[in-house]
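# Residue-level structural notes
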Amino acid sequence: MARGRRSVALLALICALLLHSIAPASAAPIRPISDAHRSAAAELFAPIDGSYGSLEETYEALRTFQILGVEKSAELSHETCLSVAEKVGSSSTPAKDLFYALRITSILGCQIDSSTYDEVASRLHAVLKDANSLLEFYYSIGGLLSIKDQGHDVILSDADGTFHAIKALSQSDGRWRLDTNSAESSTFAAGIALESLAGVISLAGSEVDQSMIGVVKNDIVKLFGSIKSFDDGTLYFDEKHVDGSEYKGPLTTSASVVRGVSAFAAAASGNLNIPGDKILGLAKFFLSIGVPGTTKDFFNQIDSLVSIPLILSLPATVLSLTSKDQLKVEVTTVFGSAAPPLTVNLVQAYSSDSKDELQFDAENVVHYLDIAALKLDVGKYTFVFEVTLHDPDNVNIYATGGQNSIRAFITGLIKVDKAEIGILDSDAGSVESLQKLDLSKDNSVSLSANHLQKLRLSFVLTTPLGHTFKPHQVFLKLRHETKVEHIFILESSARQYKIVLDFLGLVGKFYYLSGKYELELTVGDAAMENSFIRALGHIELDLPEPPEKAARPPPLAADPLSKFGPKQEISHIFRAPEKRPPKELSLAFLGLTLLPFFGFLFGLTKLGVNLKNFPSSPVPAAFSILFHAGIAAVLLLYVLFWLKLDLFTTLKILGFLGPFLVFVGHRTLSYLASTSTKQKAA
């Protein structure tokens, strides 16, 4: 029991350091696993056609859901158990699939017969007996360990021999080979080997040779000696010289090592001699991942953080002295669940040493402290907290990580006093005119000066505790009536901000532009709640005439929004109309075009046209009327074509009228011919 508690404590400490041991100058405070991870998990591991994919992909999805507390579909779980039961019961299933199938069974609680477990254990023992590669050891030992976790009696008869066989694949630098034929060793394989050795220790019928366990612990120290780093102190595991097809990447490799070291620490007795700075650098690497974008990376990140360390974080890192905000601290597990009863002490805040105990708000589950009692001024602070568990038994279950450093920002109202503006004589330095300013609102002072005088502006900034405040931005702007601007930075001197503009030395910078200049003062800082931009008034400058080669004012910058304004109206130039004939000539030509029509009418009268032969029977009469109407329609179509219709439209209509005229004309003429034949015969 004592060995188990020490192992759990070490495992919790490793994960705690991986989660929240951040140096004071590092990134933002750590927050527990949030709903963003759960939403990403549900999206990344979404089943396709009722399946998560292979057994390996299914295990990774279910294991991730189990750790994050994401609800699994009952129907999908049932279908998965049926598939797993079929795989476990098949004698042709390889050791790798049995390994993942047995782990899925542990997660879903699938019902498998005891006889089936005995048969699978026998097959895995056979694989382990003939194993000559690290993965065969890993899958067979992991499968046997899963069967043991289901409550079945599984013992390795030759645990020492298996331990030695796995250890034979190790290298002098702490890395492992995947098999006896591999020329290159692998850091990723080291994690698999350590996890396999941990399984051997757990399955052993008697205690494993402690000298061999000590050798493996020494290998772990060597493995951490080959860790790689970034410039900011982030550490990670990666391969040295591995073929491209076997390269796993820093995240997969680091996760493999963490799982292997955690498993070995839980199974073996004693402590692992791992330097704290190595764990701290490795923690920075894991914390920089955020929410991974692939299922494999997501699983490796979540599965590496399965212990129960406590996360200390600030709900708000910006505190206001004006609003009398409280310093609130949340302490939860990595997955956001409630922490056991504990006390949070503020050990240090910036440069003031103290040990103030924070009160606990049970309703909001936060620890709080009034910052007014700490006598803290505005600015950036590093708060150092210490967590103490109330129940001594929880020390071996929860890891607090020692002291935790978190950055915070305190803001407040800055007092502005003794604001004055005036004109100085250049020679004697005497004040010609001096006016008081109220920088809590805009001012409208009116000053005048020539190039032999100076402008003086001064004021004092103090914090709520009466200290001199130095904001990030303090500058005076002079804007000429031609929109030319000049900006001058104010410097702090003798507990006040002051600027003296000597116009004699600035005539060139002012481009010798005399006239009215608007005065504007800007004071701003992130810790200053009352940052301001104030109009001070104006000054009339009388500057000398510019010399011939004096610099000219730069052109004003174009308004970026001007391109969206109304454009200049475009005036089109049309071709001048061609000269036309006189109106009288056009009318005369129109008359000539109508002459054939009148000639046609005149010819009809001379020919003696009559309606004696017009059919009297109803049917022939109807066809005759339609025939004449069709001729009239064709004549009307010609008129419309002349006035408005185009050629294609005219041809379409004519294509309909033509067959119609042929049909009704044929019937009409046939009737007339028949009537004429009868009359001649009579």
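My aim in this report is to walk through the structure given alongside it, one point at a time. Quick caveat: nothing in here was measured; it's all calculated off a predicted structure. (Residues numbered from 1 in each chain as written. Predicted model: local features only at pLDDT ≥ 70, side-chain atom pairs only at ≥ 80, totals over all residues. Heavy atoms only, no water.)

### Regarding the overall build of the chain
Secondary structure assignment for the chain yields 16 helices and 21 strands. Out of the 682 residues belonging to the chain, those deemed buried represent 42%. Sequence-distant contacts, at least 24 apart, represent 70% of the contacts inside the chain between residues at least 6 apart. For the chain, the accessible surface area stands at approximately 37,900 Å², while carbon and sulfur atoms represent 56% of it. (Helix = DSSP H or I, 4+ residues; strand = E, 2+ residues; numbered from the N terminus. Buried < 20%, exposed > 50% of the residue type's maximum accessible area, 1.4 Å probe, protein only. Contact = heavy atoms within 4.5 Å. Areas by Shrake-Rupley, 256 points an atom, 1.4 Å probe, with all protein chains shown as cover.)

### Observations regarding the sheet that holds strand β20 (residues 515–524)
Pairing in this open sheet of 5 strands is mixed, and the strands run β14-β21-β20-β16-β17 from one edge to the other. Looking at the sheet topology across the chains shown, the edges are occupied by β14 (445–450) and β17 (485–489). The mean inter-strand angle of the sheet, taken between neighbouring strand axes irrespective of direction, is 25 degrees. Of the strand pairs in this sheet, strand β16 (residues 473–480) and β20 are connected by 8 bridges, and their pairing is antiparallel. By the bridge assignment for β20, L476 is matched with L521. (Pairing = 2+ DSSP bridges. Axes fitted to C-alpha atoms, helices over the stretch in contact; angles between N-to-C directions.)

### Quick look at the pattern of salt bridges
Pairs may arise between side chains of opposite charge once their charged atoms sit close together. Throughout the structure, instances matching the rule amount to 14 salt bridges. Across the pair E420 and K436 runs a salt bridge whose closest N-O atoms are separated by 2.5 Å. Of this pair, E420 sits in strand β12 (residues 415–425) while K436 is found in strand β13 (residues 431–436), placing the two residues 16 residues apart along the sequence. The buried category is assigned to E420, whose relative accessible area is 18%. (Salt bridge = Lys/Arg side-chain N within 4 Å of Asp/Glu carboxyl O.)

### Digging into the side chain of S320
Within the element layout of this structure, S320 appears in strand β4 (residues 318–320). Residue class for S320 comes out buried when judged on its relative accessible area of 8%. Of note is the side chain of S320, whose polar atom sits 2.4 Å from the side chain of E529. (Polar contact = N/O pair within 3.5 Å; in protein donor to acceptor, adjacent residues only side chain to side chain.)

### Some details on a nonpolar patch on the surface
Together, L587, L590, L594, F597, F598, F600, L601 and L604 make up a nonpolar patch on the protein surface, roughly 760 Å² of accessible area in all. The class of L601 is partly exposed, set by a relative accessible area of 36%. (Patch = residues over 30% accessible without salt bridge, like charges linked within 9 Å, V, L, I, M, F, W, Y side chains within 5 Å.)

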